[in-house]
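Residue strings, one per chain:
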Amino acid sequence: MLFSTVMSFLASYLAALLPLPLIHDPAPAPVIPAAEPLRFELRHLHAVSPDARVLFHDVHTAELAALAEAGEPSTYALRPRRVKAHRPRSQDAFHRARVRSMRFQENEAVDWDEMDVEGPDVESRETLLLLAKMTNNAYLSPGEQGWYELGDRWNVSYPFGWEPDDDGFRGHVFATPDNSTIVLSIKGTSAAFIGGGGPTAKKDKFNDNLLFSCCCARVDWTWTTVCDCYRGGWRCDQNCLEKALIDDSLFYPIGTNLYNNLTYLYPHSNIWMVGHSLGGALASLLGVTFGAPTVAIESPGEKMAAARLHLPSPPEVQHVTHLYHTADPIAMGTCNGVLSSCALGGYAMESKCHLGKSIVYDTVSELSWAVDIRLHTIVNVIEKLLANPWPPSVEAGREVPKAMPEEDCVECYSWDFGDYPPSK
C-alpha cells in the first residue's frame, strides 16, 4: 500500500517537471490544382455525302486568316476534368458480341479497359454553357441568324453535312492545336412545331419515331408506323423491332462511321461527344460504343434504343452525362399519348430512361414552369438555365445540380414485346 502511494506521488512529480508533448494540427488536405484549359482551333471541313460517305477538307492557313479578317472567333478555352471511362479492348470483339446477340440472342463476353481520361468538366456551369452553344450552332452555319459567338478563344467550327439539300447527319467538329482532343457536336431534331424545320426534318422524324417510340410509332390506328412490327393490341414483335433499328439509313451507323474516320485521322486523340435532343441521344450511343466522354442536352431517353441496338454494356457509363429540365416533356418521357403535343406534330416520343448520369434542373418546382414542348429548344437551356447561376445549386455550394444515375426507371410498361411473327 505504501509502495503504490509513493510511486503515484513520484509519477505526479515527474509529470509536473517534464514538458507537455506537442499536439500537431492534422495536415491540411492537398490542394489539387485545376486542370489547364484546353484551347481549340479549326482543322477540317467535314461532310456526309448522300450515299453516307464521310468526306473531309483540310483548312489551310490562308482560309483561317480570311475567317479572322471576317471577325469570326478563333479559339476558346474549355475546362476539362478527369473521368473514368470504359472502352472495349477490341472493336472487333465488341461488334462480334453485338452480332451474336442480334442473330442468336446469345451473350458473348466483351473485355473492357478502364481508363482515366480527360472529359469536359460537367460540374462547371460555364463549361456546360459553352457546350450548349456549340450544340446550338450545330443547327446553323456560321453567321446565320441564331448563331452564338463562342468567344475570342474558340475557332469557327467546321461544318459537316451543310449542303443546302442535305437531309442527313449534321454538326460541327472542334480540335486543339496539338490534336490531343476532338469535340464532335451533333445536331438534334429539326421540327417545325418546336421552332425548327429544314431539309433534315423528315429524316429526323423517322429516326426519332424509330429510336424513341415503344413500337414503330404506333400511337393509334390513324398513325402510319415507321416499321411493320405492330401485332395488334399491345403486342410488338421484338425481333422485327430490333432488325428495323439496325437499318443502314439510321444515324447510328453513320455516326460510327464518322467516329472511325476521326480516329483514323487522329489515332492518338481523345474524342468528346456533345449533342442536343436526337443529337444528344446519338452522341450518348456513340459514347457508350467507344468509351468517349459525352454530354447530351435535353435528349430523349436512349437506354431502350441501346438495348434494341444490342450494344454491349460496359461496367459503368459515368462518362456519359445528360442535362435537362423537368418542364421538357421529351427529356422527361411525358410527351406521349394521342393528344400530346408530340403526337400532334407526328412524333411518338415515349422513352424516358437515360444512360449514365443526369443533371436535372427542377424548373417545375423552382421556377413554376409549366410542362411545354416549346421549352425543349437548346436556346431555352442557354438563355434561361445556364446563362445565370442556379440558386438551389449555389446554396449547396455547387455550380449546377449534381449528376445522378436514374435508378428504377421503367418505360413502355403497357407493351408486350415477344416473338410475334406476322400472320399469313
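Residues numbered from 1 in each chain as written. Predicted model: local features only at pLDDT ≥ 70, side-chain atom pairs only at ≥ 80, totals over all residues. Heavy atoms only, no water.

Okay, the overall build of the protein chain next. Across its full length, the protein chain carries 14 helices and 16 strands. The burial tally for the protein chain puts 50% of its 424 residues in the buried class. Counted over contacts in the protein chain with a minimum sequence separation of 6, partners at least 24 positions apart contribute 73%. When the accessible surface of the protein chain is totalled, it reaches about 20,900 Å², and 56% of it is carbon and sulfur. (Helix = DSSP H or I, 4+ residues; strand = E, 2+ residues; numbered from the N terminus. Buried < 20%, exposed > 50% of the residue type's maximum accessible area, 1.4 Å probe, protein only. Contact = heavy atoms within 4.5 Å. Areas by Shrake-Rupley, 256 points an atom, 1.4 Å probe, with all protein chains shown as cover.)

For the rest of this paragraph, the subject is the pattern of salt bridges. The tally for this structure, following the rule as stated, stands at ten salt bridges. The residue Arg 79 makes a salt bridge to Asp 121 at a minimum N-O spacing of 3.2 Å. Remark: Asp 121 occurs in the loop between β6 (112-120) and α4 (125-137) and Arg 79 occurs in the loop between β4 (77-78) and β5 (80-88); sequence separation between them is 42 residues. Among the residues examined, Arg 79 registers a relative accessible area of 38% and is labelled partly exposed. In this structure, the salt-bridge partner of Asp 372 is Arg 374, at a minimum N-O distance of 2.7 Å. Among the ionic contacts, a cluster of salt bridges with common partners joins Arg 79, Arg 81, Asp 121 and Glu 123. (Salt bridge = Lys/Arg side-chain N within 4 Å of Asp/Glu carboxyl O.)

Let us now look at helix α8 (residues 278-290). Here α8 is 13 residues long and its end C-alpha atoms lie 18 Å apart, about the 18 Å a rise of 1.5 Å per residue gives. The buried fraction of α8 amounts to 13 of the 13 residues, a majority that puts the element mostly inside the structure. Count one or two residues on from α8 and you reach Gly 291, which has phi positive near 70°. (Expected span 1.5 Å × (residues − 1).)

We now examine helix α7 (residues 251-265). For α7, spanning 15 residues, the distance from its first C-alpha to its last is 21 Å, which sits close to the expected 21 Å at 1.5 Å a residue. Among all positions of α7, only Phe 251, Tyr 252, Ile 254, Gly 255, Thr 256, Leu 258, Tyr 259 and Leu 262 are buried.

Turning next to the side chain of Thr 135. Inspection of the secondary structure puts Thr 135 in helix α4. Among the polar contacts listed, one links the side chain of Thr 135 to the backbone oxygen of Leu 131, at a separation of 2.8 Å. Those residues in contact with Thr 135 that lie beyond four places of it in its chain are Ser 185, Ile 186, Val 274, Gly 275, His 276 and Ile 297. (Polar contact = N/O pair within 3.5 Å; in protein donor to acceptor, adjacent residues only side chain to side chain.)

Attention now moves to unusual backbone geometry. With a phi angle near 60°, Ser 277 is a residue other than glycine that sits in the positive phi range. One can find Ser 277 in the loop between β11 (270-276) and α8. With a relative accessible area of 2%, Ser 277 lands in the buried category. Within the chain, Asp 408 stands out as a residue other than glycine whose phi angle is a positive 55°.

This brings us to the state of the cysteines. Inspection of every chain in the model, using the stated rule, returns five disulfides. A sulfur-sulfur separation of 2.0 Å characterises the disulfide bridge that pairs Cys 214 with Cys 412. Since a negative S-S torsion denotes a left-handed disulfide, the Cys 214-Cys 412 link at about -90° is left-handed. Taken together, the residues Cys 214 in the loop between α5 (201-212) and β10 (235-237) and Cys 412 in the loop between β15 (404-405) and β16 (416-418) connect sequence positions 198 residues apart. Across this residue pair, the class does not change: Cys 214 and Cys 412 are buried. Here Cys 353 connects covalently by a disulfide to Cys 409, the sulfurs 2.0 Å from one another. Since a negative S-S torsion denotes a left-handed disulfide, the Cys 353-Cys 409 link at about -95° is left-handed. Taken together, the positions of Cys 353 in the loop between α11 (341-344) and β14 (357-361) and Cys 409 in the loop between β15 and β16 put the pair 56 residues apart, joining distant regions of the chain. Given a relative accessible area of 2%, Cys 353 falls into the buried group. (Disulfide = S-S within 2.5 Å.)

Here the focus is the confidence of the model for the protein chain. Put simply, the protein chain has an average pLDDT of 78, and 70% of its residues get 70 or more. The low-confidence segment residues 20-24 (pLDDT under 50) makes zero contacts with residues lying over four places distant or belonging to another chain. Low pLDDT, under 50, characterises residues 190-200; the stretch is placed with 29 contacts to residues that sit more than four places away or in other chains. (pLDDT = per-residue confidence, 0-100.)

All right, on to the packing of α7 against α8 then. Contact geometry of α7 with α8 gives a least axis separation of 10 Å together with a crossing angle of 55°. Between α7 and α8, the angle is such that the two are oblique. The interaxial crossing formed by α7 with α8 has right-handed handedness. On the side of α7, the interface is formed by Phe 251, Tyr 252, Gly 255, Thr 256, Tyr 259 and Asn 260, while α8 contributes Leu 278, Leu 282, Leu 285, Leu 286, Thr 289 and Phe 290. Taken together, the residues of the contact of α7 with α8 sort by class into eight nonpolar, four polar and no charged. (Axes fitted to C-alpha atoms, helices over the stretch in contact; angles between N-to-C directions. Parallel < 35°, antiparallel > 145°, perpendicular 65-115°, else oblique. Left-handed = near helix turned anticlockwise from the far one by under 90°. Nonpolar A, V, L, I, M, F, W, Y, C, P; charged D, E, K, R; others polar.)

Quick look at the environment of Met 102 now. Within the fold, Met 102 resides in helix α3 (residues 91-104). Residue Met 102 is classed as partly exposed on the basis of its relative accessible area, which comes to 22%. In this structure, the C-alpha to C-alpha distance between Met 102 and Ile 246, residues 144 residues apart in sequence, is 9.6 Å. When sequence neighbours within four positions are dropped, the list of residues in contact with Met 102 reads Ile 246, Leu 309 and His 310.

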